[in-house]
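# Examination of the molecular architecture
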Amino acid sequence: MIEPLQSNAPNILGFRMSGKLHDGDYKHFVPAIDVALAQHGKVRLLAQFHDFHGWDMHALWDDIKFSTTHCTKIDRIALVGDRTWEKWMAKVCKPFTMAKIQYFDAADIEKAWQWLAQA
């Protein structure tokens, strides 16, 4: 499931990802980002992982498509989680995007928001 998080800036979007992601999750997630891109040109994203179990095959394909079509439109990505593999994922994602990516432990979510808000 992908749930939107409240943000204080219109060009910074936050999402909480939990459970296993499915195609339907991307049908809501991607349009929300596209609307912000149309209004602001580039966006910054916070992805908070909570009890996250990955993607089904269709959602994994959706994620790959999203990454390739949006890789130049996102300035920064803050990944927030509490598992070693989520921290590792931040390193794996770097070659697939032009965005600056940083991992934050779940307890440091406020630092993640602050990092996204920096000029």
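Residues numbered from 1 in each chain as written. Predicted model: local features only at pLDDT ≥ 70, side-chain atom pairs only at ≥ 80, totals over all residues. Heavy atoms only, no water.

## Things to note about the overall build of the protein
Counting its secondary structure elements, the protein contains four helices and five strands. Tracing the protein from N to C terminus, the helices and strands come up as β-β-α-β-α-β-α-β-α. Expressed as a percentage of its 119 residues, the buried residues of the protein come to 41%. Carbon together with sulfur atoms contributes 58% to the accessible area of the protein, which is approximately 7,000 Å² in total. (Helix = DSSP H or I, 4+ residues; strand = E, 2+ residues; numbered from the N terminus. Buried < 20%, exposed > 50% of the residue type's maximum accessible area, 1.4 Å probe, protein only. Areas by Shrake-Rupley, 256 points an atom, 1.4 Å probe, with all protein chains shown as cover.)

## Things to note about the packing of helix α1 (residues 23-40) against helix α2 (residues 57-70)
When two helices pack together, you describe them by how their axes are tilted relative to each other and by the distance separating the axes. Where α1 contacts α2, the two axes come as close as 9 Å, and the packing angle between them is 15 degrees. The angle between α1 and α2 places the two elements in the roughly parallel class. Taken as a pair, α1 and α2 cross one another with a handedness that is right-handed. Along the contact surface, α1 presents D23, Y26, F29, V30, I33, D34 and L37, while α2 presents H58, A59, D62, D63, F66 and H70. Along the lines of polarity and charge, the residues of the contact of α1 with α2 split into seven nonpolar, two polar and four charged. (Axes fitted to C-alpha atoms, helices over the stretch in contact; angles between N-to-C directions. Parallel < 35°, antiparallel > 145°, perpendicular 65-115°, else oblique. Left-handed = near helix turned anticlockwise from the far one by under 90°. Contact = heavy atoms within 4.5 Å. Nonpolar A, V, L, I, M, F, W, Y, C, P; charged D, E, K, R; others polar.)

## Notes on the side chain of D23
Positionally, D23 belongs in helix α1. The exposure class assigned to D23 is buried, which follows from its relative accessible area of 17%. Separated by 2.9 Å, the side chains of D23 and K27 make a polar contact. Contacts of D23, omitting those with residues within four sequence positions, involve D56, H58, A59 and D62. (Polar contact = N/O pair within 3.5 Å; in protein donor to acceptor, adjacent residues only side chain to side chain.)

## Details of the sheet that holds strand β4 (residues 74-81)
Sheet architecture is open: five strands sit in the order β1-β2-β3-β4-β5, paired in mixed fashion. The open sheet has two edge strands, β1 (2-5) and β5 (100-105), and neither has a second partner. Recorded for the sheet is a direction-independent mean angle of 20 degrees between the axes of neighbouring strands. Strand direction decides the pairing type here: strand β3 (residues 43-55) and β4, joined by six bridges, are parallel. Across the sheet, L46 pairs through a bridge with A78, a residue of β4. Against the sheet, α1 engages β1, β2 (12-21) and β3, with an angle of about 170 degrees to β2. Taken strand by strand, α2 contacts β2, β3 and β4, and its axis lies near 165 degrees from that of β3. (Pairing = 2+ DSSP bridges.)

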